[in-house]
Each structure stands twice: as C-alpha cells, then as structure tokens.
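Observations on the model geometry
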Amino acid sequence: MVMRHGPTTQRGDPLPIETHSFRISDLDEARAFCAEFYYDVDLDLLDTARPLALAADIVRLGPVTVGDIQFGADVAIGADLIDAYHVNMPIAGAIGSEHRGAITVASPRRAAVYRPGAGAHAGRWSAECRSLGIRFDRAVLEAELAALLGRPVSGPIRFGASFDTTHGAGLTWSRMINLLRSEVANPHSALRQPLVAERYAQGLLGGLLYAVDHQYADALTADTPPVRPRTVRRAIQVMEADPTHPFTTAELARIAGVSARSLQEGFRRHVGFSPMGYLQHVRLGYARDELRHPVPGRDTVAAIAHAWGFGHLGRFAAAYRERYGESPSATLRGR
C-alpha cells in the first residue's frame with residue numbers, strides 16, 4: 001500500500017517549497033518512488049520475514065531535493081549510474097556504500113558524497129537506519145561553483161568521498177539542511193517566499209562547495225580576486241537568466257551600457273572567455289544535462305542542440321566533445 005500527500009500549495013499557487021509524504025509497503029512502488037525523486041535503483045529485501053515499510057518525507061527547493069527516508073526493513077539498494085550530485089546524511093544508524101571503487105560509511109557524524117558518472121551501491125541498509133538523501137542538480141551546482149570562482153568550470157566536481165558534519169563548514173551545512181527539513185511544517189515560514197527560497201537554495205549549493213573537499217577547494221578559499229566590473233557582471237546575469245535567448249555581443253553591450261569592444265575586453269580580462277564564448281559554455285552545460293536525461297521518443301541530439309541555441313550541429317558536436325571528452329550522441333545513449 002502507498003500513502004502519498006503533496007505537493008503543498010497555498011491559495012492555488014505553487015510554493016517555492018514542494019513537499020511530498022509517502023508510506024509504501026510494496027517493493028515495486030518503492031522502486032518507482034526512488035526513480036521519481038532520485039534515480040532508477042535496484043532495491044531488494046534482505047529478510048523477507050520483515051515486510052517493507054518505507055516512510056519518506058520529501059522537500060524540493062528548486063535544484064535541491066531533501067528526503068527523510070527509512071525503509072523499515074533490511075534492504076540492499078544501488079543505482080548503476082548517478083546522474084546528479086548526492087549526499088547521504090544519516091539521522092540514525094549507518095550506511096556502508098561503494099562508489100568509484102571506494103567503501104564509505106555514512107553516519108550521524110559523517111556524510112557520504114556521490115558524484116555523477118558512476119554507480120553507488122549499499123549492500124545493507126538496515127531497518128533501523130534513517131537518513132537524509134540530498135540530491136543536487138548537476139548543471140546548477142556546477143554553475144554555482146563557476147559563479148563563486150568567477151570563471152567557467154570544466155567537467156564534474158571531484159568531491160571527496162565523505163565529510164565531517166560535527167564541526168566547521170560541514171556542521172553549518174548540515175544545520176542548513178535540517179532547517180529546511182523542519183521549516184516545511186511552518187505555514188508562515190520565510191522560506192515560502194520565492195525570493196527567500198531562491199537565495200536559501202543558492203546557500204545550500206554554496207555551502208556544500210565549502211564543506212566538502214574537491215579540486216577547486218583551494219581556489220574557493222584563496223584571497224578573493226578583484227571584483228569583476230559591473231558591466232561584466234550585468235552581462236553574465238542576463239545570459240544566465242535566459243541562456244536560450246539569441247544574444248549578440250552588441251545587444252549585451254547595450255544592456256551593460258558600454259561599447260561592444262569594451263565588453264569584449266572586460267570579458268577577456270576578468271572571465272577568460274569572450275561574451276559569446278561564455279554563453280556557449282553555459283548552454284553546453286544545460287544541453288549536457290538534457291542529453292543525460294532525455295525524454296524517450298522526443299529528445300534527439302539535434303532537438304536538444306537547437307533548443308539551446310546551437311544552430312550548427314557540427315560545431316555543437318565539436319565544442320561538446322572538447323569540453324566533455326565524448327560526442328553528444330554517446331551521452332544520449334548513456335555510454
């Protein structure tokens with residue numbers, strides 16, 4: 001049996017916080033729940049004498065999904081391919097899992113981190129274990145890192161396998177996650193205001209980048225570089241707000257209030273890309289995300305490329321291969 005409530009709404013309008021509650025006793029329904037909010041999984045009971053009693057309370061805040069999950073039975077669970085960044089942060093019990101050839105044990109004192117492009121498998125998730133499963137949209141997290149660094153990011157973020165949630169930035173971030181989880185029951189929460197919710201989601205993204213070790217960590221904590229000129233920041237903001245718009249350098253220069261030549265020079269000095277090069281970088285990230293999550297029977301390489309403003313398939317494929325090391329069609333096929 002499955003019991004489901006949500007999403008929450010107020011006065012008929014969508015809320016910035018989307019909540020769902022599940023109570024599931026059927027194994028196939030549990031697999032469908034995992035696929036809807038997380039990933040396609042292999043999920044099996046380890047002791048058939050104890051039936052499944054999945055309890056899951058889900059919060060979605062834009063690109064961040066937080067699930068308070070307990071299976072109520074001993075299970076084995078695994079995903080052959082993780083297509084997002086993911087953190088397991090147990091509230092009770094522990095989860096041992098294998099990811100990229102390493103074994104990591106997550107506990108109430110230490111969270112496990114998983115990154116895109118590989119599977120994750122937990123041989124035993126005990127009935128007593130209760131954990132927060134936190135999923136981050138890949139393109140949005142990488143875009144946040146690029147914004148913090150002030151330059152584009154190439155390839156996945158190579159997070160460490162785990163991090164301490166009892167002190168420092170890890171403790172701060174875990175408290176932010178728990179605040180989000182607790183605030184969904186408050187009908188007057190400030191997080192129900194769209195502008196507050198948007199900034200809080202951005203804080204969760206940035207907080208993770210400071211809490212976990214990765215190849216850009218030193219650059220994040222280094223002395224802050226000079227602030228980009230306002231004109232460059234303005235051009236970046238409008239491109240990231242509407243990346244499918246057919247911007248030209250001249251149009252961006254008018255928006256920024258400078259000449260096209262001045263804008264190009266500003267990007268060269270402070271970004272390392274031309275304005276159009278930066279726009280292509282942003283669009284490639286979104287195109288890759290759609291290639292990795294196609295709608296069967298609808299999405300093709302050509303359709304996705306055109307949707308993100310790439311009119312020439314050959315140039316799109318060449319730029320895509322240079323950045324990601326594979327062709328768009330290979331990504332679409334899941335290879």
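Cut-offs used in this document
Residues numbered from 1 in each chain as written. Predicted model: local features only at pLDDT ≥ 70, side-chain atom pairs only at ≥ 80, totals over all residues. Heavy atoms only, no water. 1 Å grid on protein atoms, 1.4 Å probe; cavity = no way out; pocket = protein on both sides within 12 Å on 5 of 7 lines; lining within 4 Å. Points joined across faces, edges and corners; volume = space filled by probe spheres on them. Helix = DSSP H or I, 4+ residues; strand = E, 2+ residues; numbered from the N terminus. Nonpolar A, V, L, I, M, F, W, Y, C, P; charged D, E, K, R; others polar. Expected span 1.5 Å × (residues − 1). Buried < 20%, exposed > 50% of the residue type's maximum accessible area, 1.4 Å probe, protein only. Domains from an automatic or database assignment. Contact = heavy atoms within 4.5 Å. Buried area = accessible area lost by both parts, 1.4 Å probe. Salt bridge = Lys/Arg side-chain N within 4 Å of Asp/Glu carboxyl O. Core = buried A, V, L, I, M, F, W, Y, C linked by side-chain atoms within 4.5 Å. Phe/Tyr/Trp six-rings, centres within 6.5 Å; stacked < 30°, edge-to-face > 60°. UniProt positions renumbered as here; feature names shortened; annotations may be inferred.

Naming follows an unreviewed UniProt entry, where the protein chain appears as Helix-turn-helix domain-containing protein of Asanoa hainanensis.

Before going further, it helps to spend a moment on empty space enclosed by the protein. Overall, the coordinates contain one cavity of 30 Å³ or more when judged by the stated rule. If you trace the largest cavity, you find 21 residues lining it, with Tyr39, Ile77, His86, Asn88 and Trp125 closest to the centre. Broken down by secondary-structure element, the contributors of at least two residues to the lining of the largest cavity are α1 (27–37), β8 (75–79), β9 (85–92), β10 (95–99) and β13 (120–125). Residue contributions to the lining of the largest cavity peak at four residues, all from β13. Classifying every residue of the lining of the largest cavity gives 15 nonpolar, six polar and no charged.

This part covers helix α4 (residues 194–211). Relative to the 26 Å expected for 18 residues at 1.5 Å per residue, α4 spans 25 Å between its end C-alpha atoms, a close match to the ideal helical length. Turning to α4, its buried residues number three or more, namely Ala197, Tyr200, Ala201, Leu204, Leu205, Gly206, Gly207, Leu208, Leu209 and Ala211.

The next point concerns the domain arrangement of the protein chain. In terms of domains, the protein chain is made up of domain 1 (18–218) and domain 2 (230–334). Facing 13 residues of domain 1, the contacting portion of domain 2 comprises 11 residues. Across the interface of domain 1 and domain 2, roughly 990 Å² is buried in total on both sides, 47% from carbon and sulfur atoms. At the boundary of domain 1 with domain 2, the tally comes to zero salt bridges.

Grouped together as the largest cluster of nonpolar side chains are 37 residues, with contacts concentrated most on Ile134, Phe136 and Trp173. Where this core is concerned, the elements lending two or more residues are β6 (54–61), β7 (64–70), β9, β12 (110–114), β14 (130–136), α2 (138–149), α3 (168–183) and α4. At eight residues, α4 tops the list of elements feeding residues into this core. Grouped together as the second largest cluster of nonpolar side chains are 29 residues, Phe37, Leu43, Phe71 and Tyr114 included.

To continue, consider the layout of surface pockets. One number sums up the size of the second largest pocket: a volume of about 270 Å³. Every residue lining the second largest pocket is counted, 13 residues in all, and those nearest its centre are Tyr39, Asp40, Leu81, Asp83 and His293. Broken down by class, the residue content of the lining of the second largest pocket amounts to six nonpolar, two polar and five charged.

Tallied over the entire structure, the rule returns 14 aromatic pairs. A centroid spacing of 6.2 Å and a plane angle of 45° characterise the contact between Tyr38 and Tyr39, whose relative ring orientation is tilted. With 4.9 Å between their ring centres and 50° between their planes, Tyr320 and Tyr324 make a pair best called tilted. Of this pair, Tyr320 and Tyr324 both sit in helix α11 (residues 313–324), four residues apart, which is roughly one turn of that helix. Of the two residues, Tyr320 and Tyr324, both sit in the buried class. Of the aromatic side chains, those joined through ring pairs into one cluster are Phe22, Phe33, Phe37, Tyr38 and Tyr39.

Okay, the UniProt feature "domain: HTH araC/xylS-type" (unreviewed entry) in the protein chain next. Mapped onto the present numbering, the UniProt feature "domain: HTH araC/xylS-type" (unreviewed entry) falls on residues 233–334. With 69% helix and 0% strand, residues 233–334 has end C-alpha atoms that lie 36 Å from one another.

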